[in-house]
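Given next are the chains, with one letter for each unit.
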Amino acid sequence: MEDDIFVFRWIAQDGSDKNVVGGMGTQPVEKIPPPLPCRTGVAERPAGPLGEQARRLAGLILRNVPAEDKQAMAVFLGTMMGAWEEDRIFQRSRKSGAGKYCSPAAFSRTLPSTVAAELAIEFGMQGPLLVFTAGAASGPLAMIRATRWIQSGNISLALAGALDWSYPGIRRRMTGAISNDSRTLLCLIGRRSALPRIHPVIQIKQGRLKYSPDENSHSMDTSIAPLADAFRRACAQRVHIQGKSGIGTVCQMILEPV
C-alpha cells in the first residue's frame, strides 16, 4: 500500500571497515564506497571518527536519491555519546592556561546533535532534525519518532538510526585515548510513493511507544548491534524489537520482509 512505511536502504558498521552489513535492495553491501563526489556543504573542520563514519554511511544510503527529495528529508538520530570526541577537545582547551584559552569553536561542537547537523549540511537535508539522547534505546526511539512523523504526513522521507562509541569502561576512561570503536546504523525510511524508483527491503508494520516506570539510562546506546541483527533477519522473516529507553518508555517495533 502507498501509505505503508518502508525501509528502502539500511547499513550498519562498527569501528572496523570490514564489519559492514546492510540492505540495498538486490545489491549486498561488501565494502563502503568513497563519499559522494559532490558535497552540498563544507564542515568548518574535519569530522571526528564517529562523524566521518556517519558521513560515509549516509553517502551510500543517499546515493542516487534525487536532490529535491534529499532537500525535504528529515534526520532522526539516537545517541548518548555522539559528541564524545568533541567534548574531549573542548576540555583540553578549557584546561589550557587555567581556562585562558578556552575554545568557543570547540564548545559549539559539544552538543549531541553535532553529527546530525553535519549530515544535514553535507547532503543538503533541510527537513526537521531531531536527536534523542534516551539511554540504551536511543536508536529505536529515533526510528519510531521518524515513523510517527511520516505517518502524520509532516514528512515523507527520513534518514534515521543511531550512532555511538561502544567499549567497556567509557566513563572511567574520560581522560584516556579514544579508540576508533564507533558504531553506526542508518536507514532510509519513508512511504513507498516517496521513492518509486528504489525498491524497499523491509516494511515497518508497527512502531509504538508505551509508558513504563522502568528506565534504562545506560551511558551508551546499546541498541545498535541488536538493531542491525533485527534488520538483517527482517529481510526474510517477521521480527519484533523491544527496548527500554532512559525516559520512561518502552520502544516496540515490528518489521517484515517486503
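Just so we're clear, the structure is a prediction, and the values are computed from it rather than from any experiment.

A look at the packing of aromatic side chains
So, step 1. Counted according to the given criterion, the structure contains 3 aromatic pairs.
So, step 2. Between Trp 10 and Phe 231 the ring centres are 5.3 Å apart and the planes differ by 65°, which places this aromatic pair in the edge-to-face class. Residue Trp 10 is found in strand 1 (residues 5-13), and its partner Phe 231 is found in helix 7 (residues 224-234); the two are separated by 221 residues along the sequence.
So, step 3. On the basis of an interplanar angle of 70° and a centroid distance of 5.6 Å, the ring pair of Phe 76 and Trp 149 is categorised as edge-to-face. Here Phe 76, found in strand 4 (residues 74-78), pairs with Trp 149, found in helix 6 (residues 138-152); they are 73 residues apart in sequence, far enough to count as distant.
So, step 4. Three or more aromatic residues joined by ring pairs form one cluster here, namely Phe 76, Phe 132 and Trp 149.
So, step 5. Above the face of the Phe 6 ring, Arg 192 is positioned so that its terminal group lies 5.2 Å from the ring centre.

Focus: the pairing of strand 10 (residues 249-257)
So, step 1. Counting buried residues along strand 10, 8 of its 9 residues qualify, which places the element largely inside the surrounding structure.
So, step 2. Bridging between strand 8 (residues 202-211) and strand 10 involves 9 bridges; their strand directions are antiparallel. In the sheet register, Gln 206 faces strand 10, and the bridge partner there is Ile 254.
So, step 3. Of the pairings in the sheet, the one linking strand 9 (residues 239-244) to strand 10 comprises 6 bridges and is antiparallel in character.

Cut-offs applied
Residues numbered from 1 in each chain as written. Predicted model: local features only at pLDDT ≥ 70, side-chain atom pairs only at ≥ 80, totals over all residues. Heavy atoms only, no water. Phe/Tyr/Trp six-rings, centres within 6.5 Å; stacked < 30°, edge-to-face > 60°. Helix = DSSP H or I, 4+ residues; strand = E, 2+ residues; numbered from the N terminus. Lys NZ or Arg CZ within 6 Å of the ring centre and 35° of its normal. Buried < 20%, exposed > 50% of the residue type's maximum accessible area, 1.4 Å probe, protein only. Pairing = 2+ DSSP bridges.

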